[in-house]
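Structural description and commentary
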Amino acid sequence: MNIPEKLGPEKLAKKPAPRPARSLRLKNTLIGWSFVAVASLLIGIFYFFPMVQALIMSFQSGTGVNLSFVGFENYIRLFQDPVFLTTVKNTVIYLIIQVPVMILLALFLSVVLNNKTLKWKGFFRTAIFLPCVTSLVAYSVVFKYLFAPDGIVNMTLMKINLVSEPVQWLTDPFWAKITIILAITWRWTGYNMIFYLSALQNVDQSIYEAAKIDGASAIQQFFKITIPMLKPIILFTSITSTIGTLQLFDEVMNITAGGPGNSTMTISQYIYNLSFKYTPDFGYAATVSYAIVILIVIFSIIQFKAGGDKK
Amino acid sequence: MKSSNKVIGYLFLSICAIISIFPFYWMVVSMTNTSSDVTRGKLLPGGHFIENLKNLLQTVDLVPALTNSAIIAVATTVLSLLIASLAGYGFEIYRSKAKDIVFNILLLSMMIPFAALMVPLFRMFGSFTPILPFIGIDTLSAVVLPTITTAFLIFFFRQSTKMFPKEILEAGRIDGLKELGIFFRIYVPTMKTTYAAAAIITFMASWNNYLWPLVVLQSPENQTIPLLISNLGSSYSPDYGMIMMAIVIATLPTAIIFFFMQKHFVAGMMGSVK
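Model, not experiment: these values are computed from the prediction.

**Some points on the UniProt feature "domain: ABC transmembrane type-1" (unreviewed entry) in chain A**
Under the feature "domain: ABC transmembrane type-1" (unreviewed entry), the UniProt entry names residues 88–303 of chain A. For the annotated span residues 88–303 of chain A, helix accounts for 73% and strand for 0% of the residues, and the straight-line distance between the end C-alpha atoms is 19 Å.

The structure is reproduced here in structure tokens:
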């Protein structure tokens, strides 16, 4: 800055910026920190401190509170543990099938709903958003009954002759996974749709007009305009959905309880079982919990790379 | 839009709307039917509402569970809002390099899955039990404490504070208000809608929370609503009418909030992406 040169001496004399006295500045700093102190402290105590403890525990083994250090034993066990590998596989299957399907469905819905000439828009929006009000446990129990062997879903499918005998939605390893995926999609599609709807309202309509004049079809408009325009919000929702799916617990616990066998069990549920259902092995449970942390980091990085600014 | 596209659009929306609403319809209808009617696939309201309600009240401790859930959800909401808004305000108004670093570290906690925290937290609260029994394992406080501070909510308040007209703060200082007085007398009243949105998302998350209460609560008298529903749902010979009654009652508070405050609810969701 070269202001002093341009200012005359008398102006300079008026200028001495009232620098706050040292004690006052210190006081202001202290006030600022005291506003953020409680929250920072609590997050330290209830998030970061437990993560450090979990890291230490992941090198220990034993039952209940009697833990002793075992080095990397837990980590070696991890890669030889068929149940752990199954839960990772299950969780990743949920993730790579459910998240894209749900996001595409939510995008389609938001585009259709964004049409200005559409009637009963408010009704459709509220109806599709409605599943968000249910608690994960409550809707899981409802889905468990709907998809029971003699439940409404099978009854309907048989009535319209789509299947000749009841689908084993809860007891067949393949269909049980499908049931879980359908359930999560039911619960969260409307939620994601609301994000896209609000983002679409900020998209300049003239772009679509221009595309129409150029002869772009509705599908071309969707993939060439809508998706690129909504990229940041799609990235945001796919990361939050990924983090949510990697932590999946309530649904699986209440719809299939992880069964049949371990074919629907998720990593979170395995941690729960290791700690509170089987003979408690907190050390190994902590090791497994780091696997989720690592998966979250990996998938977030992949998505940032995929959704980043490369054209 | 071409008319054929329009028909497809309406068809698509209608199917999705029916699928979205059907489980709710089924829940509400089934709570008025006997268990065998529900199994038979009856989709019309019946006359067993009172009977199902009576059964439910006799079979499980519904009122205590509702009370526990309400105490936990209200306490969590009040404390969360206070702590997170103070912090969000502090990070934005008294911004400094060091505080920005702290803020970014706090944001990292959003990546931590709860499943990774539950074992160390369980042990932490276990160690509280002998010295501070009122916040130890199997207390409502133990459910509340780890959930009252989320980086998300701090982030949410900080983002909203960016829109706050800071000149008002100067005016408050000139009027001789202390810093905390400015916060409570000026900031809080002007940010009512932000608080409403934050309150809704926090209340709903707390009311519906399942995993941590499942881990930390043990005695039946401390049971919350999701735990009660989960127990009912895993019974071997379920009374469907009665269970649907419980599910509807559990969903009612959040459904009411949703219908009357949908705008604030959406604002709360969007606050995270602004």
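Having seen the structure, we can now continue with the description.
**What to know about the UniProt feature "transmembrane region" (unreviewed entry) in chain B**
Residue and element names in this part refer to chain B. Mapped onto this structure's residue numbering, the UniProt feature "transmembrane region" (unreviewed entry) falls at residues 7–28, 70–89, 101–122, 134–157, 194–212 and 240–260. The straight-line gap between the two end C-alpha atoms of residues 134–157 is 31 Å; of that span, 50% is helix and 0% is strand. Helix makes up 89% of residues 194–212 and strand 0%, whereas the separation of the span's terminal C-alpha atoms amounts to 27 Å.

**A closer look at the packing of helix α1 (residues 3–30) of chain B against helix α14 (residues 240–260) of chain B**
Residues and elements named next belong to chain B. Close contact between α1 and α14 brings their axes to 8 Å; oriented N to C, the two are set at 120°. Taken together, the axes of α1 and α14 are oblique relative to one another. Like other packed secondary-structure pairs, α1 and α14 cross with a definite hand, here left-handed. Here Trp-26, Met-27, Val-28 and Ser-30 of α1 come into contact with α14, specifically with Gly-241, Met-244, Ile-247, Val-248 and Thr-251. Looking at the contact of α1 with α14, its residues break down into 6 nonpolar, 3 polar and no charged.

**Description of the interface of chain A and chain B**
In many analyses, interface size is given as the accessible surface area lost on bringing the parts together. Between chain A and chain B, the residue contacts involve 83 residues of the former and 90 residues of the latter. Carbon and sulfur atoms supply 80% of the area buried between chain A and chain B, which totals about 7,400 Å² over both sides. Broken down residue by residue, the surface that chain A buries against chain B is led by Phe-35, Phe-46 and Tyr-145 of chain A, which jointly contribute 11%. Between chain A and chain B we count 0 salt bridges in total. In this assembly, chain A and chain B are joined by 10 residue pairs in polar contact (both at pLDDT 80 or more). The greatest single-element share of the side of chain A that touches chain B, amounting to 21 residues, is contributed by helix α3 (residues 22–57) of chain A. Of the residues assigned to the side of chain A that touches chain B, the class counts are 63 nonpolar, 16 polar and 4 charged.

**What to know about the packing of helix α9 (residues 173–200) of chain A against helix α12 (residues 231–246) of chain A**
Residues and elements named next belong to chain A. Viewed as axis vectors pointing N to C, α9 and α12 meet at an angle of 165°, and their least axial separation amounts to 10 Å. Classified by the angle their axes make, α9 and α12 are roughly antiparallel. α9 and α12 meet at a crossing whose hand is right-handed. Taking contact as the criterion, the partners of Asn-192, Phe-195, Tyr-196 and Ala-199 in α9 are, on α12, Ile-233, Ile-234, Phe-236, Thr-237 and Ser-241.

**Here we look at the pattern of salt bridges**
In the structure shown here, the tally under the stated rule is 8 salt bridges over all chains. Arg-77 of chain A is the salt-bridge partner of Asp-281 of chain A, the closest N and O atoms lying 3.2 Å from each other. Of this pair, Asp-281 of chain A sits in the loop between α14 (267–277) and α15 (282–307) while Arg-77 of chain A sits in helix α4 (residues 73–80), and the two are 204 residues apart along the sequence. Residue classification places Asp-281 of chain A among the buried positions, given a relative accessible area of 11%. Lys-42 of chain B is the partner of Asp-37 of chain B in a salt bridge, and the nearest nitrogen-oxygen pair spans 4.0 Å. Residue classification places Asp-37 of chain B among the buried residues on the basis of a relative accessible area of 14%. The class of Lys-42 of chain B is partly exposed, set by a relative accessible area of 29%. Connected through shared salt-bridge partners, Glu-92, Arg-95, Asp-100 and Arg-158 of chain B make up one network.

**What to know about a nonpolar patch on the surface**
Residue and element names in this part refer to chain A. Taken together, the side chains of Leu-104, Phe-108, Ile-219 and Phe-223 define a hydrophobic patch exposed on the protein surface, amounting to about 390 Å² of accessible area. Where the nonpolar patch is concerned, the elements lending two or more residues are α5 (82–113) and α11 (218–229). Judged by relative accessible area, which is 46%, Phe-223 ranks as partly exposed.

So, how was this worked out
- For every chain, the first residue of the written sequence is number 1, and numbering continues from 1 onward in sequence order.
- To read the labels, note that chains go from A and ligands from 1, taken in the order they are written.
- Note on the predicted model: pLDDT of at least 70 is required for a residue's local features to be given, and 80 or more for side-chain atom pairs to be given and counted; whole-chain, interface and lining totals, by contrast, use all residues.
- In computing side-chain properties, one takes all heavy atoms of the structure into account and sets aside hydrogens as well as water.
- UniProt positions are given in the numbering used here, feature names are shortened, and annotations may be inferred rather than shown by experiment.
- The secondary structure listing takes helices from DSSP runs of H or I that are at least 4 residues long and strands from runs of E that are at least 2 residues long, numbered from the N terminus.
- Between the N-to-C directions of two axes lies an angle of 0 to 180 degrees, each axis being a line fitted to C-alpha atoms and, for a helix, fitted only over the stretch in contact.
- Oblique is the label for every angle not falling under 35 degrees (roughly parallel), over 145 degrees (roughly antiparallel), or within 65 to 115 degrees (roughly perpendicular).
- The handedness criterion is simple: a crossing whose near helix is rotated anticlockwise from the far helix by less than a right angle is left-handed, and one whose near helix is rotated clockwise is right-handed.
- Throughout, a residue-residue contact means that at least one pair of heavy atoms, one from each residue, lies within 4.5 Å.
- Amino acids outside the nonpolar list (Ala, Val, Leu, Ile, Met, Phe, Trp, Tyr, Cys, Pro) and the charged list (Asp, Glu, Lys, Arg) are all regarded as polar, and Gly is one of them.
- Throughout, buried area stands for the accessible area (probe radius 1.4 Å) lost by two parts on being put together, summed over both.
- Every case where a carboxyl oxygen of Asp or Glu lies within 4 Å of a side-chain nitrogen of Lys or Arg is listed as a salt bridge.
- Two N or O atoms count as a polar contact when they lie within 3.5 Å, although within protein this holds only if one can serve as hydrogen donor and the other as acceptor, and sequence-adjacent residues are included solely when both atoms are side-chain atoms.
- Burial classes: relative accessible area under 20% of the type maximum marks a residue as buried, over 50% as exposed, and values in between as partly exposed (1.4 Å probe, protein chains only).
- For patch detection, residues must exceed 30% relative accessible area and be free of salt bridges, and they are connected within 9 Å for like charges or within 5 Å for nonpolar side chains (Val, Leu, Ile, Met, Phe, Trp, Tyr).
- Per-residue and other accessible areas follow the Shrake-Rupley method at a 1.4 Å probe size, with only the shown protein chains counted as cover for residues.

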